[in-house]
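Report on the structure
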Amino acid sequence: MLLVADSGSSKADWILTVSEHQNISFRTSGINPFFLSEKEIIKIFQNTPEIQPYTDQVKEIYFFGAGCSSPDRREHISNALSKIFKNAFISVDIDIIACIYATTGTSDGICCILGTGSNISYFDGKRIHESKHGLGYILGDEGSGTYFGRQLITGYLYGTMPAELAEEFYTKYSIEKEMIIKRIYQEPSPNFYLASFSPFMNEHVDHPYINALIKKGFTEFIDTNIKSYPDYTKHNCHFIGSIAFHFSEILKQLCQEQGIKVGKILKHPIDELSLFILKNGAEIIR
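What comes next is a walk through the structure. (Residues numbered from 1 in each chain as written. Predicted model: local features only at pLDDT ≥ 70, side-chain atom pairs only at ≥ 80, totals over all residues. Heavy atoms only, no water.)

1. Focus: the sheet that holds strand β3 (residues 22-29)
Rules: We call two strands paired when DSSP finds no fewer than two bridges between them. The numbering of helices and of strands both runs from the N terminus, where a helix is a DSSP run of H or I of at least 4 residues and a strand a run of E of at least 2. Axis definition: a line fit to C-alpha positions, over the contact stretch in the case of helices; interaxial angles, taken between N-to-C directions, run 0 to 180 degrees. Contacts are assigned to residue pairs with any non-hydrogen atoms lying within 4.5 Å of each other.
Taken in spatial order, the five strands of this open sheet run β3-β2-β1-β4-β5, and their pairing is mixed. The sheet is open, and its two borders are formed by β3 and β5 (89-94), each paired with just one other strand. For this sheet, the mean angle separating the axes of adjacent strands, direction not counted, is 15°. Pairing between strand β1 (residues 2-7) and strand β4 (residues 60-65): six bridges, direction parallel. In the strand pairing of β4, Asp-6 is matched with Phe-64. Those strands touched by helix α2 (residues 71-84) are β2 (11-19), β4 and β5, and its axis lies near 150° from that of β5.

2. What to know about the pairing of β5
Note the following rule: For each residue, the accessible area found with a 1.4 Å probe, counting protein chains only, is set against the maximum for its type, and the residue is called buried under 20%, exposed over 50%, and partly exposed in between. Crossover handedness is defined here as right-handed if the route from the first strand over the helix to the second strand goes clockwise, with the strands pointing away from the viewer.
With five of six residues buried, β5 lies mostly within the body of the structure. For β4 and β5, the ladder comprises six bridges, and the chain directions are parallel. Paired with Phe-64 across the two strands is Asp-93, which belongs to β5. Once the chain exits β4 it traverses α2 before rejoining the sheet at β5, and the crossover so formed is right-handed.

3. Here we look at the packing of helix α5 (residues 145-158) against helix α6 (residues 163-173)
In plain terms, the rule: An angle below 35 degrees is read as roughly parallel, one above 145 as roughly antiparallel, one from 65 to 115 as roughly perpendicular, and any other as oblique. Note on convention: the crossing is left-handed when the near helix lies turned anticlockwise from the far helix by less than a right angle, right-handed when the turn is clockwise. Throughout, the ten residues Ala, Val, Leu, Ile, Met, Phe, Trp, Tyr, Cys and Pro are labelled nonpolar, Asp, Glu, Lys and Arg are labelled charged, and all others, Gly among them, are labelled polar.
α6 packs onto α5 with a crossing angle of 110° between their chain directions and a minimal axis gap of 10 Å. Relative to α6, α5 is oriented roughly perpendicular. Between α5 and α6 lies a crossing of left-handed hand. Of the residues in α6, those in contact with Leu-152, Ile-153 and Tyr-156 of α5 are Ala-166, Phe-169 and Tyr-170. A breakdown of the residues in the contact of α5 with α6 according to their chemical character gives six nonpolar, no polar and no charged.

4. Things to note about helix α3 (residues 95-103)
Where burial is concerned, most of α3 is hidden: nine out of the nine residues are buried. Those residues of α3 that sit buried are Asp-95, Ile-96, Ile-97, Ala-98, Cys-99, Ile-100, Tyr-101, Ala-102 and Thr-103. Gly-105 occupies a position one or two residues after α3 and carries a positive phi of about 65°.

5. With respect to the packing of helix α10 (residues 208-224) against helix α12 (residues 248-257)
α12 packs onto α10 with a crossing angle of 50° between their chain directions and a minimal axis gap of 10 Å. Between α10 and α12, the crossing angle belongs to the class labelled oblique. Relative to α12, α10 is oriented so that their crossing is right-handed. Every residue of α12 that contacts α10 at Asn-211, Ile-214, Lys-215, Phe-218, Thr-219 and Ile-222 is listed here: Ile-250, Leu-251, Gln-253, Leu-254 and Cys-255.

6. Considerations on the pairing of strand β6 (residues 109-114)
Burial analysis of β6 places six of its six residues in the buried class, which makes it a mostly covered element. Side chains Gly-109, Cys-111 and Ile-113 project from β6 onto one buried face, and the interleaved Ile-110, Cys-112 and Leu-114 project onto a second face that is buried too. Where β6 folds back on strand β7 (residues 118-123), the antiparallel hairpin that results is connected by three residues. As judged from the four bridges shared by β6 and strand β9 (residues 236-240), these two strands associate in the parallel manner. For Ile-113, the partnering residue across the bridge sits in β9 and is Ile-240.

7. A few points about the nonpolar core
For soluble globular proteins, the rule of thumb is that nonpolar side chains tend to be buried together. What counts here: We call a set of buried Ala, Val, Leu, Ile, Met, Phe, Trp, Tyr and Cys residues a nonpolar core when their side-chain atoms join them within 4.5 Å.
Residues Leu-152, Phe-169, Phe-218, Ile-226 and Phe-239 are the most contacted members of the largest nonpolar core, which totals 43 residues. Per-element tally for this core: the top contributor is α10, with six residues. Excluding residues that lie within four positions of it along the chain, Phe-239 makes contacts with Cys-112, Leu-114, Phe-221, Ile-226, Ala-244, Leu-251, Cys-255, Val-262, Lys-264, Ile-265 and Leu-266. Grouped together as the second largest cluster of nonpolar side chains are 26 residues, Ile-31, Ile-44, Leu-81 and Phe-85 included.

8. Some thoughts on the packing of aromatic side chains
Selection criterion: The criterion for an aromatic pair is that two Phe, Tyr or Trp rings (for Trp, the six-membered ring) have centres within 6.5 Å, with stacked assigned to planes under 30 degrees apart, edge-to-face to planes over 60 apart and tilted to the rest.
This model, assessed by the stated rule, comprises 17 aromatic pairs. Relative to Phe-26, the ring of Trp-14 lies with its centre 5.8 Å away and its plane at 5°, an arrangement referred to as stacked. One end of the pair, Trp-14, is in strand β2; the other, Phe-26, is in strand β3, and twelve residues separate them in sequence. Comparing Trp-14 with Phe-26, the two get one shared label, buried. An angle of 85° between the planes, with centres 5.1 Å apart, marks the rings of Phe-169 and Phe-200 as edge-to-face. Of this pair, Phe-169 sits in helix α6 while Phe-200 is found in helix α9 (residues 199-203), placing the two residues 31 residues apart along the sequence. A residue is classified by how much of its surface remains accessible, and Phe-169, at 0% relative accessible area, is buried.

Following this line, the structure appears as structure tokens:
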């Protein structure tokens, strides 16, 4: 049995290939080694009934996740998975590789992640070119759910959000300054908390304030990330993540204005990722 995972910071999608004609898809909370201990990762699987009957039968696991860029972080995930799946070969790598497999496959292209966080990489068809991005929710994450959540909260607290929107924002979230400060600076996973406000944009996407906010965030991502590659207009640029998916029309418009050729825009890469691995294997490219 083959188990493939694509994990962001807030949720993880899994496909278990039981046989040629049977797949089991399920979702867990996100598994990011920066935020979860091995025990917490193990607990996630103990509370996931879909996988319980198959833990001893899984022979291969390919896990791609946010925060898995360094060997020690990958080992952190691998160690936790090995305690659940005792008979499996386990491969752990960064989420941008899942993006490459699901979009460009073995062709060249620029791959972008716009979900809870954001990241980018260029794949030339053989290897991934080193990126200076993916700096996380404090230093980076331009155009991500975390970025937009931060903009919404500060706009609300500073009083720059239009009154009618501010009223709806408060009705929906009932937030106060002291509560926000405590939640962000004193409690775990502030990036998840910030990103949890981004769905408000989807409900009010036609409001000029929200529309301008989305354009500002995507423009910042384009200028900071995509344009860092000198030949960015020569390659297809693919996007993965809920933020890219839900606001794809705005994203495509901005890209077109900048001469960027948009390829695939996928909300979740797990189906394409699993098919790629089944067909080609997962010889990790660097």
